[in-house]
Amino acid sequence: MNKYATLTRRLEIVGYRAKVVGENLALGDDSAAVIMQAFQDSPGHHRNLLVPDYTRVGIARAGQYWTVELGADPE
């Protein structure tokens with residue numbers, strides 16, 4: 001298995017400990033605004049963005065790949 005295969009494994013690698021985590025992924029050459037609108041328009045992605053436990057967000061782009069990482073620090 002690829003050491004980066006899961007969200008929790010990737011967060012472990014960078015030392016982020018979380019109470020809860022989530023992730024939205026997208027593929028496209030669009031702007032950040034277009035990608036975020038696509039997340040809003042997708043019921044599953046939108047629901048993930050609205051989880052009330054999330055207190056942290058990280059957004060990144062690598063080529064055509066976009067990721068939004070969501071989490072909450074342990075108490």
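Predicted model, so just to flag it, every value in this text is computed and none were measured. (Residues numbered from 1 in each chain as written. Predicted model: local features only at pLDDT ≥ 70, side-chain atom pairs only at ≥ 80, totals over all residues. Heavy atoms only, no water.)

Quick notes on the pattern of salt bridges
Formally: By definition, a salt bridge exists where a carboxyl oxygen of Asp or Glu is found within 4 Å of a side-chain nitrogen of Lys or Arg. Secondary structure elements follow DSSP: runs of H or I no shorter than four residues count as helices, runs of E no shorter than two count as strands, and numbering proceeds from the N terminus. Partly exposed residues are those whose accessible area sits between 20% and 50% of the maximum for their type, while under 20% is buried and over 50% is exposed, using a 1.4 Å probe and protein chains only.
For the coordinates displayed, the defined rule picks out 4 salt bridges. In this structure, Glu12 and Arg9 form a salt bridge, with 3.0 Å as the shortest nitrogen-oxygen distance. With Glu12 and Arg9 both in helix α1 (residues 7-13) and 3 residues apart, this pair spans about one turn of that helix. Residue Glu12 is classed as exposed on the basis of its relative accessible area of 51%. On the basis of relative accessibility, which here comes to 36%, the residue Arg9 falls in the partly exposed class. Arg10 is paired through a salt bridge with Glu23; the nearest N and O atoms lie 2.3 Å apart. Placement of Arg10 in helix α1 and of Glu23 in strand β1 (residues 20-27) is noted, with a sequence separation of 13 residues between them.

Comments concerning the sheet that holds strand β2 (residues 56-62)
To keep it simple, the criterion reads: For two strands to be treated as a pair, DSSP must find no fewer than two bridges joining them. A fitted line through C-alpha atoms represents every axis, and for helices the fit uses only the stretch in contact; the resulting angles, taken between N-to-C directions, go from 0 to 180 degrees.
The strand order across the open sheet built from 3 strands is β1-β3-β2, with neighbouring strands paired in antiparallel fashion. The sheet is open, and its two edges are formed by β1 and β2, each paired on a single side. This sheet shows a mean twist of 15° between the axes of neighbouring strands, independent of strand direction.

Side note on the nonpolar core
Here is the rule: What makes a nonpolar core is a set of buried Ala, Val, Leu, Ile, Met, Phe, Trp, Tyr and Cys residues whose side-chain atoms join them at distances within 4.5 Å.
Judged by nonpolar contacts, Ala26, Ile35, Phe39, Tyr54, Trp66, Val68 and Leu70 together constitute the single largest core of 7 residues. Among the elements that line this core, the one with the most residues is strand β3 (residues 65-72), at 3 residues.

Regarding the pairing of β2
Looking at chain direction, β2 and β3 are connected through 7 bridges and run antiparallel. Paired with Arg61 across the bridge in β3 is Trp66.

Description of the side chain of Asn48
Which entries qualify depends on this criterion: The contact criterion used throughout is that any non-hydrogen atoms of two residues lie within 4.5 Å.
Of note, Asn48 is situated in helix α3 (residues 43-49). By relative accessible area, which is 16% here, Asn48 ends up buried. If we skip the residues at most four places from it in the chain, Asn48 touches Gly22, Glu23, Asn24, Tyr54 and Leu70.

So yeah, pure geometry; function would need other evidence.
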